[in-house]
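What follows is each chain in one-letter form.
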Amino acid sequence: MRRQAAVRWRAAHQSLRTVIPALLVFWLVIPLTPLLLWAGASRWSGTSRLPQDLGLRGWQEALDAGMIAALARSGLLGAAVALIATPLGVMAGRALGWRLLRRPALPSVVLLGPVVLAPFAVAMGLDVVILRLGVPGEVAVVLVLSVFALPYTTFTMRATYLGLDPALEEQARVLGASSRQARRRVTLPAATTGLVTATGLAFLVGWSDYAVTLLIGGGQIVTAPMLIGSSAAGSGNDALTSTLALSASLPPLMALAVFTCAASRRRTAVHS
Amino acid sequence: MTQHPTSTHDLRAIRQLGGARLVAPAVLLIVAVTGTALVTVVATSLGLLPLVGQPRLSTDGFTTLAGDLQAATYESLLTAATATLLAAAIGFTIATVVVRAGRGVRLLVGLAVAVLTVPHLVGAAATGLLLSDVGLAQRWSGISAASWPELVGGRWPWATVLELAWKESAFVALVVISSVGRQYADLREVAAVLGAGPRAQWRRVLLPLSAPALASSSLIVFVYSLGTYEVARLLGRAYPEPLPVMAYRLFTDIDVAARPQAAATAVVATGLALLAAVMTLPLVRRLRADR
């Protein structure tokens, strides 16, 4: 009797081990499915379960709406943010990770600070100052977003430097490398994964931003999120919205896939 | 050979000077940008920086729309708290499955990273297409549009909360996984040798080990949800709106007299986020010490 109960319990436990991961996969995937369906539908009216006509109407309309230029602008914005936030994050992360500061508490709080602040509040405050000083909107957007990317780059690099031994760099110095050579040839190659992660996160801050670009740019800087926002909020054109949303999600996903492949290949190369 | 006592001292001083130089650019940029912004927002909310007319110290920005401000604060807190609870619970479940090396681990981690790269705005647009009364869920469930619950733009911010919980659960999961990692595998073996069953391993080993990461990532999710504009803008109802949506609406109002009210809304949102951080950080520190 007891044995039967134990067997039943084990069977239930086994099925739970399959059901829970399946539910979690469902939770992560399901919100994105409407995008895939609508982006391939040229007609999907009423309440029918699947599109009546498949086609690329959404893609044609997205091209007409200036999708390519908007994606390029988003890419530039992401690259500019990464170009500022990554080197500054590497420097600060090195100081924090290798404990080069006598009192790291205050700098740490400042460097984490932007996480707590709402981007819209910062953008709103700067708007007046920018207008009075005549700073171009693009420059202001890049600066504000770099500030919001800095916690990510700094603390990714802090964790990376924590895992690296400063003695390696010192050995390179003893062997005759200049401090710059030692940093470039010894430490940075060992920190590649952290460096790529930090750059990717900073890029994503610029690439995905909506609120700061909208508030400071005043609708003049048309990035991909601007097109998605205006299409989703007012057009009722679900095919267009889905296509724009999908095309803003695919480039980072593809970059991620490439990097993951390269990293796993390098790992197997090291092991063999 | 004896080492001169001052040489290590000098070396440390040089290293510390180098450290200060290394953090200075990042710290200065953050202080300059956020400092200017916050001072301006507070000054505007108190009537000291009007677009037109004479500056005059007053709390009108806060009091004129006190009722709306209160409703928006409540809406924001409700949305952020629910989204945080959901994200923490689901994120921790994902992390549990992954660190226990359950089925589909690689797929789950890959999906979580993928979800993290998707912009919130895309998530919001997709959630709208999924949950609205002519959305995919309604079409596939066969429930008529008339009797479909008001998930998007309804009385309760369901869609906003679900979108935030969706994306942030991936964030919580990845933070917990990366903080627990190898340590859990070792400790779990020890616990198993000492006779702890799976449930005891979860409660006595995994939970305390991941508590600091879970608490700090939950704090980040909470303050993010308080400050996000686009998700509630696309998925929320017109009234009461959360603080960021209210602030943006007042900020872009043609009546420039609404500027102090917009700034006051931003001040309230920032104050709430800072308060949450100040209240939670001692807890995070204690959990880390207990670990």
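1. Considering the overall build of chain A
Okay, step 1: Scanning chain A for helices and strands turns up 13 helices and two strands.
Okay, step 2: The C-alpha atoms of chain A give 24 Å as radius of gyration, which overshoots the globular expectation for 272 residues (19 Å, by more than 25%).
Okay, step 3: The dimensions of chain A, computed from C-alpha atoms along their principal axes, are 80 × 75 × 35 Å.
Okay, step 4: With 272 residues in all, chain A has 46% of them scored as buried.
Okay, step 5: In chain A, the proportion of contacts linking residues at least 24 apart, taken out of those at least 6 apart, comes to 72%.

2. A look at the overall build of chain B
Okay, step 1: The number of helices and strands found in chain B is eleven helices and zero strands.
Okay, step 2: Start at the N end of chain B and walk to the C end: the helices and strands fall as α-α-α-α-α-α-α-α-α-α-α.
Okay, step 3: In terms of overall size, chain B is more extended than a compact globule, its C-alpha atoms giving a radius of gyration of 24 Å where 291 residues would be expected to give roughly 19 Å.
Okay, step 4: Along the three orthogonal principal directions, the C-alpha set of chain B runs to about 75 × 70 × 25 Å.
Okay, step 5: At a minimum sequence separation of 6, the contacts of chain B that also span at least 24 residues come to 72%.

3. A closer look at unusual backbone geometry
Okay, step 1: Positive phi, normally seen in glycine, also occurs at Arg99 of chain A, with a value near 50°.
Okay, step 2: Looking at where Arg99 of chain A falls in the secondary structure, it is placed in the loop between helix 4 (67-97) and helix 5 (105-116).

4. Observations regarding the packing of helix 8 (residues 166-174) of chain A against helix 9 (residues 179-190) of chain A
Residues and elements named next belong to chain A.
Okay, step 1: Helix 9 packs onto helix 8 with a crossing angle of 130° between their chain directions and a minimal axis gap of 9 Å. Taken together, helix 8 and helix 9 sit at an angle that is classed as oblique. Seen along the crossing, helix 8 lies across helix 9 with a hand that is right-handed. Touching Leu168, Glu169, Ala172 and Arg173 of helix 8 are Ser179, Ala182, Arg183, Arg185, Val186 and Thr187, all from helix 9.
Okay, step 2: Residue composition of the contact of helix 8 with helix 9, by class: four nonpolar, two polar and four charged.

5. As for the interface of chain B and chain A
Okay, step 1: Contact with chain B, which involves 77 residues of that partner, is made by 70 residues of chain A.
Okay, step 2: The element best represented in the side of chain B that touches chain A is helix 1 (residues 5-45) of chain B, accounting for 21 residues.
Okay, step 3: When its residues are assigned to classes, the side of chain B that touches chain A shows 54 nonpolar, 19 polar and four charged.

6. Considering the nonpolar core
For soluble globular proteins, nonpolar side chains are generally found buried alongside one another.
Okay, step 1: Formed by 166 residues in total, the largest nonpolar core has its most connected members in Val81, Phe120, Met124 and Val144 of chain A together with Ala247 of chain B.
Okay, step 2: Those residues within four positions of Val144 of chain A in sequence are excluded, and the remaining contacts are Val122, Ala123, Leu126, Val212 and Ile216 of chain A together with Val33 of chain B.

7. Brief notes about the environment of Val142 of chain A
Residues and elements named next belong to chain A.
Okay, step 1: With respect to the helices, strands and loops of the structure, Val142 is situated in helix 7 (residues 137-162).
Okay, step 2: You can call Val142 buried: it has 22 C-beta atoms within 10 Å.
Okay, step 3: Distance in space between the C-alpha atoms of Val142 and Phe203 is 11 Å, their sequence separation being 61 residues.
Okay, step 4: Once residues lying within four places of it in the same chain are set aside, the contact partners of Val142 are Leu77, Ala80, Val81 and Ile84.

8. With respect to the confidence of the model for chain B
Okay, step 1: Looking at chain B, the pLDDT average stands at 87 and 93% of residues meet or exceed 70.
Okay, step 2: The lowest-confidence element of chain B is helix 2 (residues 60-63) of chain B, averaging 82 in pLDDT; the highest-confidence one is helix 3 (residues 66-99) of chain B, averaging 93.

9. Structural notes on helix 6 (residues 119-133) of chain A
Residue and element names in this part refer to chain A.
Okay, step 1: Over its 15 residues, helix 6 extends 20 Å from the first C-alpha to the last, a length consistent with the 21 Å expected when each residue adds 1.5 Å.
Okay, step 2: If you look at helix 6, its biggest bend is around 30°, right at Leu126.
Okay, step 3: A positive phi of about 70° marks Gly134, the residue just after helix 6.

Conventions used here
Residues numbered from 1 in each chain as written. Chains lettered and ligands numbered in written order. Predicted model: local features only at pLDDT ≥ 70, side-chain atom pairs only at ≥ 80, totals over all residues. Helix = DSSP H or I, 4+ residues; strand = E, 2+ residues; numbered from the N terminus. Rg over C-alpha atoms; globule rule 2.2 N^0.38 Å. Buried ≥ 20, exposed ≤ 12 C-beta atoms within 10 Å, placed from the backbone. Contact = placed C-beta atoms within 7 Å. Axes fitted to C-alpha atoms, helices over the stretch in contact; angles between N-to-C directions. Parallel < 35°, antiparallel > 145°, perpendicular 65-115°, else oblique. Left-handed = near helix turned anticlockwise from the far one by under 90°. Nonpolar A, V, L, I, M, F, W, Y, C, P; charged D, E, K, R; others polar. Core = buried A, V, L, I, M, F, W, Y, C linked by C-beta atoms within 7 Å. pLDDT = per-residue confidence, 0-100. Expected span 1.5 Å × (residues − 1). Bend = angle between axes of the 7 residues up to and from the residue.

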